[in-house]
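Examination of the molecular architecture
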Amino acid sequence: MKTVIVIGAGILGASTAYQLARSGAKVLLIDRQDPGQATAAAAGIICPWLSQRRNQVWYRLAKAGARYYPSLIEQLHSDGETDSGYAQVGALSIHEEAAKVDRMEERARLRREDAPEIGEITRHDEQEIREQFPLLAEGYHAVRISGAARVDGRALRDAMIRAAARHGAELLYGDAELLFDADAKRVTGVTMGGRTYSADATVVCAGAWARQLLKPLAIEFNVSYQKAQIIHLQTQEQHDTDAWPVIMPPTDQYLLGFQQRRIVIGATHENDVEGYDARVTAGGMQEVLNKGLTLAPSLADSTIIETRVGFRPFTPGFLPVIGAVPGWDGAYAANGLGASGLTVGPYMGSQLAKLVLGEALEIELSDYDIAKAME
């Protein structure tokens, strides 16, 4: 039985640990519970097919990530986890200009040729839009993508951790440091709280905090991060918001409905943040609310339930990386999921688990070469 330590219990680490444990490995998952973990703040939209990003390497990963979700959710159900935070509710991509919606529809139809999971693609007028999402302002045209989904990052992470535990994984909280043999150039496990934990393989899934973990190996891991602030509201009107589609406007904001009349508006994209500043700021909330209330003015009378902050990790080229740590045996890492973390995280975790176990991967590893992010 292979012994594996996974450092970082966000969406990527939780998925890696879950798949490793399911495959029979003895798994220790360690998390420091830093404020600002990206997964803990995220409420994600699983709909990569309308993206205008021209990087096809990114798109292939995002497309595979979206395709992976139904099988993951079925797998979790078989392991007793029915509350995964995931629901295929569809998405409405909206715009005030009908011509822009025409182009979105055309893009979706072209991409459905090799991504049938997109589902039905339909056009909707203003009345039909408001029947599906009654709080939305007037004046929008939309294309609906039936295969799109929403997911609560916390709920999915927790479901995978619980399922991993059923397969024998152990979760510990603390500040781990890599244990290594400098002469043999091999990582042998971690130390934490004065104790040593040995492993055949150690996997770093520490997101925005991975740079510090790898420094003792004389590796400069080029991971930056972007601060995101989101807000959760509860509508005063008695709507059944659980099945509402995701709203994807032309701006960088979004609206998602969850159970119990909960509406999530997000998120800021703050690049020039000093340190790990996990404060909810007035300026951040103003930006989120201004854009959100423009989309759905009646939310002005809603109740603020909570606010969340997360640090999205980015690697060079804004492309995720994965692989064995160059120059060291027994060490693996993945990072840089950025704003698409909930879309690609579970799938990349499955690939990382395969890599650790020596199994064939479904991705081309060279496309996401971790060496490109390391000096």
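In this report, the structure presented in the accompanying data block is examined. As the structure is a prediction and not an experimental result, all values here were calculated from the model.

1. Some points on unusual backbone geometry
Residue A267 is reached from G266 by a cis peptide bond, and omega for that bond is -10 degrees. Inspection of the secondary structure assignment puts A267 in the loop between β17 (262-266) and α8 (282-295). Look at Q33: it is not a glycine, yet its phi comes out positive at around 55 degrees. The phi torsion at K185 lies on the positive side, around 55 degrees, for a residue other than glycine. Within the element layout of this structure, K185 appears in the loop between β10 (177-181) and β11 (186-192).

2. Regarding the packing of helix α3 (residues 56-78) against helix α6 (residues 153-166)
Across the interface, α3 lies against α6 with an axial gap of 11 Å and an inter-helix angle of 50 degrees. Comparing the axis directions of α3 and α6 gives the class oblique. As α3 packs across α6, the resulting crossing turns out to be left-handed. On α6, the residues touching Y69, L72, I73 and L76 of α3 are L156, A159, M160 and A163. Of the residues that constitute the contact of α3 with α6, the class distribution is eight nonpolar, no polar and no charged.

3. Quick word on the packing of aromatic side chains
According to the stated counting rule, one finds 10 aromatic pairs in the structure shown. Between Y69 and Y86, the aromatic rings sit 4.9 Å apart at their centres with planes inclined by 5 degrees, giving stacked as the arrangement. Placement of the pair is Y69 in helix α3 and Y86 in strand β4 (residues 86-87), with a sequence separation of 17 residues. By relative accessible area, Y86 is classed as buried at 18%. Ring centres of W209 and Y276 lie 5.1 Å apart, and the angle between their planes is 20 degrees; on these two criteria the pair is classed as stacked.

4. As for the pattern of salt bridges
Inspection of every chain in the model, using the stated rule, returns 20 salt bridges. Among the ionic pairs, D114 bridges to K63, the shortest N-O distance being 2.9 Å. With a gap of 51 residues between them, D114 in the loop between α4 (98-112) and β6 (121-124) and K63 in helix α3 connect regions that are remote in the sequence. For K291, the salt bridge is made with E287, and the minimal N-O distance between the two is 3.6 Å. With a gap of four residues between them, K291 and E287 both fall in helix α8, about one helical turn apart. Exposure remark for K291: the relative accessible area of 29% places this residue in the partly exposed category. Beyond isolated ion pairs, a larger network of salt bridges with shared partners links D102, E105, R109 and R123.

5. Concerning the sheet that holds strand β19 (residues 321-324)
The mixed open sheet is built from six strands, whose spatial order is β9-β2-β1-β13-β20-β19. The sheet terminates laterally at β9 (170-173) and β19, the two strands that pair on one side only. Each strand of the sheet is rotated relative to its neighbour by a mean of 15 degrees, with strand direction disregarded. Bridge analysis of strand β1 (residues 3-7) against strand β2 (residues 26-31) gives five bridges, and the strand direction is parallel. Bridging from a neighbouring strand, V6 pairs with L29 of β2.

6. Observations concerning α8
Counted at 1.5 Å a residue, the expected span for α8 with its 14 residues is 20 Å, and the 20 Å between its end C-alpha atoms agrees. Looking at α8, one finds that the buried residues are G284, M285, V288, G292 and L295. One side of α8 holds all its buried residues, which, seen down the axis, span an arc of 95 degrees. Exposed residues on α8 whose side chains face more than 90 degrees from its buried face are A282, Q286 and T294. Looking at the packing, one finds that the buried side of α8 touches β5 (91-95), β14 (224-234), β16 (254-258), β17 and β18 (303-314).

7. Focus on the side chain of D152
Note that D152 resides in strand β8 (residues 149-152). Within the buried core, D152 has no salt-bridge partner, and the shortest N-O distance to an opposite charge, that of R308, equals 4.1 Å. A distance of 3.0 Å separates the side chain of D152 from the backbone nitrogen of R154, its partner in a polar contact. Among all residues touching D152, those that are not within four sequence positions of it are A42, S84, G85, F258 and R308.

8. Quick notes on the packing of helix α1 (residues 11-22) against α6
Interhelical geometry of α1 versus α6 gives an angle of 25 degrees and a closest axis separation of 8 Å. Here α1 is positioned roughly parallel relative to α6, judged by the angle of their axes. Note that α1 runs across α6; the crossing there is left-handed. Of the residues in α6, those in contact with I11, A14, S15, A17, Y18 and A21 of α1 are G153, L156, R157, M160, I161, A163 and A164.

What counts, and at which threshold
Residues numbered from 1 in each chain as written. Predicted model: local features only at pLDDT ≥ 70, side-chain atom pairs only at ≥ 80, totals over all residues. Heavy atoms only, no water. Helix = DSSP H or I, 4+ residues; strand = E, 2+ residues; numbered from the N terminus. Axes fitted to C-alpha atoms, helices over the stretch in contact; angles between N-to-C directions. Parallel < 35°, antiparallel > 145°, perpendicular 65-115°, else oblique. Left-handed = near helix turned anticlockwise from the far one by under 90°. Contact = heavy atoms within 4.5 Å. Nonpolar A, V, L, I, M, F, W, Y, C, P; charged D, E, K, R; others polar. Phe/Tyr/Trp six-rings, centres within 6.5 Å; stacked < 30°, edge-to-face > 60°. Buried < 20%, exposed > 50% of the residue type's maximum accessible area, 1.4 Å probe, protein only. Salt bridge = Lys/Arg side-chain N within 4 Å of Asp/Glu carboxyl O. Pairing = 2+ DSSP bridges. Expected span 1.5 Å × (residues − 1). Arc of directions from axis to C-beta. Lys, Arg positive; Asp, Glu negative; His and termini not counted. Polar contact = N/O pair within 3.5 Å; in protein donor to acceptor, adjacent residues only side chain to side chain.

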